[in-house]
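Here is what each chain is made of, one letter per residue.
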Amino acid sequence: MNPLAIRTSIDRCVLREWRETDIASLARHANNRNVSRFLLDQFPFPYTERDARDWIATATAKATETHGKHLAIEIEGEAAGGIGAAFGDGNARATAAIGYWIGEAHWGGGIATAAVRAFAEHLLAEHTVGPTAIDRLEATVFANNPASIRVLAKAGFAREIHVDDGGDDDGGDGHDDNDATAATNLGVRFVRLRNAGA
């Protein structure tokens, strides 16, 4: 079976499976408070090579048809971000929740929008029947992250509701906790439906 690679509208950016050789570049781009502050608490800061190694092992193990997809965002030949989808089950079985991040060195160039759009189109095209059929994509971002809100809007997602992020103040993991919700616990949920145009 050929490794998954999803082309984006930006030639120097491709979405592909994580590799052990990504450890150093993943740690370098992820070890940035400006990145981690807008992500969930399980994204650690500081972000070490051990964290990178653990994540690549986890992402590889989760890369199944029933759990979801977790891909590297490769920019100019190196992993400089990540994008993934967790497939729902039960009443949410036709829904996939997506998340993404890009290293700060690559902000502002349209890469996040291109990556999210390409990933959404891939998920909706590839998961049409069976137990992983997807009709709805969801992405929740912090309300004080306007850049990510713009990314989702440009990638064909529509604002749905404000939600409580449900985060706690102490992750107990030895890492600093993320502070994007210091002023508010509200996030904004965006959705993209199979039958809605981008």
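Bear in mind the structure is a predicted one, so any value in this text is a computation, not a measurement.

Undergrad: What's the story with the confidence of the model for the protein in this structure? I'm lost.
TA: For any part of a model where pLDDT is low, the fine detail of the predicted coordinates should not be relied upon. Taken as a whole, the protein shows an average pLDDT of 81; of its residues, 78% reach a score of 70 or greater. Model confidence for the protein, summarised as mean pLDDT per element, is weakest for strand S7 (residues 158-164) at 71 and strongest for helix H1 (residues 23-30) at 97. In the predicted structure, residues 165-185 sits below a pLDDT of 50 and forms 32 contacts with residues beyond four places in sequence or in another chain.

Undergrad: Got a minute to help me understand the packing of aromatic side chains in this structure?
TA: Any two aromatic rings considered together are summarised by their centre-to-centre distance and by the angle between their planes. As enumerated under the stated definition, the model contains two aromatic pairs in all. Relative to Tyr 47, the ring of Phe 43 has its centre 5.1 Å away and its plane inclined at 40°; by these criteria the two rings are tilted. Overall, Phe 43 belongs to the buried group, its relative accessible area being 14%. Judged by relative accessible area, which is 5%, Tyr 47 ranks as buried. Taking the centre distance of 5.5 Å and the plane angle of 70° together, the rings of Phe 43 and Trp 101 count as edge-to-face. With a gap of 58 residues between them, Phe 43 in the loop between helix H2 (33-36) and helix H3 (49-62) and Trp 101 in strand S5 (residues 95-102) connect regions that are remote in the sequence. Look at Trp 101 and you get buried, because its relative accessible area is 11%.

Undergrad: Can you walk me through the pairing of strand S4 (residues 78-87) in this structure?
TA: Each regular strand carries side chains that alternate between the two faces of the sheet. Burial analysis of S4 places eight of its ten residues in the buried class, the great majority of the element. Following strand S3 (residues 68-75), the chain reverses through two residues before pairing antiparallel with S4; Glu 76 in that reversal takes a positive phi of roughly 50°. Inspection of the sheet shows S4 paired to S5 by seven bridges, in the antiparallel sense. The residue of S5 that forms the bridge with Gly 84 is Gly 99.

Undergrad: Before we go on, may I ask you to explain helix H5 (residues 146-154) in this structure?
TA: Helical geometry: 3.6 residues make up each α-helical turn, so side chains three or four residues apart lie on a common side. When H5 is considered as a whole, its buried residues turn out to be Ser 148, Ile 149, Val 151 and Leu 152. Buried residues in H5, looked at end-on, bunch into an arc of 155°, giving them a common side. Following H5 by one or two positions, Gly 156 adopts a phi angle in the positive range, close to 95°.

Undergrad: Explain the nonpolar core to me, please; I cannot follow it from the model alone.
TA: Among soluble globular proteins, nonpolar side chains are generally buried collectively. Residues Leu 15, Ile 73, Ile 83, Val 116, Phe 119 and Phe 157 are the most contacted members of the largest nonpolar core, which totals 36 residues. Among the elements of the structure, strand S2 (13-17), S3, S4, S5, helix H4 (111-126), strand S6 (136-142), H5 and strand S8 (186-193) are those that each provide at least two residues to this core. Broken down by element, this core gets its largest block of residues, ten residues, from H4. Non-local contacts of Phe 157, meaning those with residues more than four positions away in its chain, are made with Ile 98, Val 116, Ala 120, Leu 137, Leu 152, Phe 190, Val 191 and Arg 192. Listed in part, the 15 residues of the second largest apolar core include Ile 23, Tyr 47, Ala 52 and Ala 59.

Undergrad: Would you explain the pattern of salt bridges in this entry?
TA: When charged atoms on two side chains of opposite charge get close, those side chains can pair. Under the definition given, this model contains nine salt bridges. Linking Arg 28 and Glu 78 is a salt bridge whose minimum nitrogen-to-oxygen distance equals 2.5 Å. Here Arg 28 is found in helix H1, whereas its partner Glu 78 is found in strand S4, with 50 residues between them in sequence. Arg 189 serves as the salt-bridge partner of Glu 160, at 3.6 Å between the closest nitrogen and oxygen.

Undergrad: What exactly am I supposed to notice about the packing of H4 against H5 here?
TA: Between two packed helices, the angle of one axis relative to the other and the distance separating the axes together describe the packing. Here H4 crosses H5 at 45°, and the two axes come no closer than 9 Å. Put simply, H4 runs oblique to H5. Regarding H4 and H5, the two cross each other, and that crossing is right-handed. Of H5, the residues touching H4 (which contributes Ala 112, Thr 113, Val 116 and Arg 117) are Val 151, Leu 152 and Lys 154. Across the contact of H4 with H5, the residue classes break down as four nonpolar, one polar and two charged.

Undergrad: Would you mind going over the pairing of S2 with me for this structure?
TA: Among the five residues that make up S2, four are buried, leaving the element largely enclosed by the rest of the structure. Taken together, strand S1 (residues 5-7) and the strand that follows it, S2, pair antiparallel across an intervening segment of five residues. Two strands pair when backbone bridges link them, and S2 and S3 are joined in this way by five bridges, in the antiparallel orientation. Across the sheet, Arg 16 pairs through a bridge with Ala 72, a residue of S3.

Conventions adopted
Residues numbered from 1 in each chain as written. Predicted model: local features only at pLDDT ≥ 70, side-chain atom pairs only at ≥ 80, totals over all residues. Heavy atoms only, no water. pLDDT = per-residue confidence, 0-100. Helix = DSSP H or I, 4+ residues; strand = E, 2+ residues; numbered from the N terminus. Contact = heavy atoms within 4.5 Å. Phe/Tyr/Trp six-rings, centres within 6.5 Å; stacked < 30°, edge-to-face > 60°. Buried < 20%, exposed > 50% of the residue type's maximum accessible area, 1.4 Å probe, protein only. Pairing = 2+ DSSP bridges. Arc of directions from axis to C-beta. Core = buried A, V, L, I, M, F, W, Y, C linked by side-chain atoms within 4.5 Å. Salt bridge = Lys/Arg side-chain N within 4 Å of Asp/Glu carboxyl O. Axes fitted to C-alpha atoms, helices over the stretch in contact; angles between N-to-C directions. Parallel < 35°, antiparallel > 145°, perpendicular 65-115°, else oblique. Left-handed = near helix turned anticlockwise from the far one by under 90°. Nonpolar A, V, L, I, M, F, W, Y, C, P; charged D, E, K, R; others polar.

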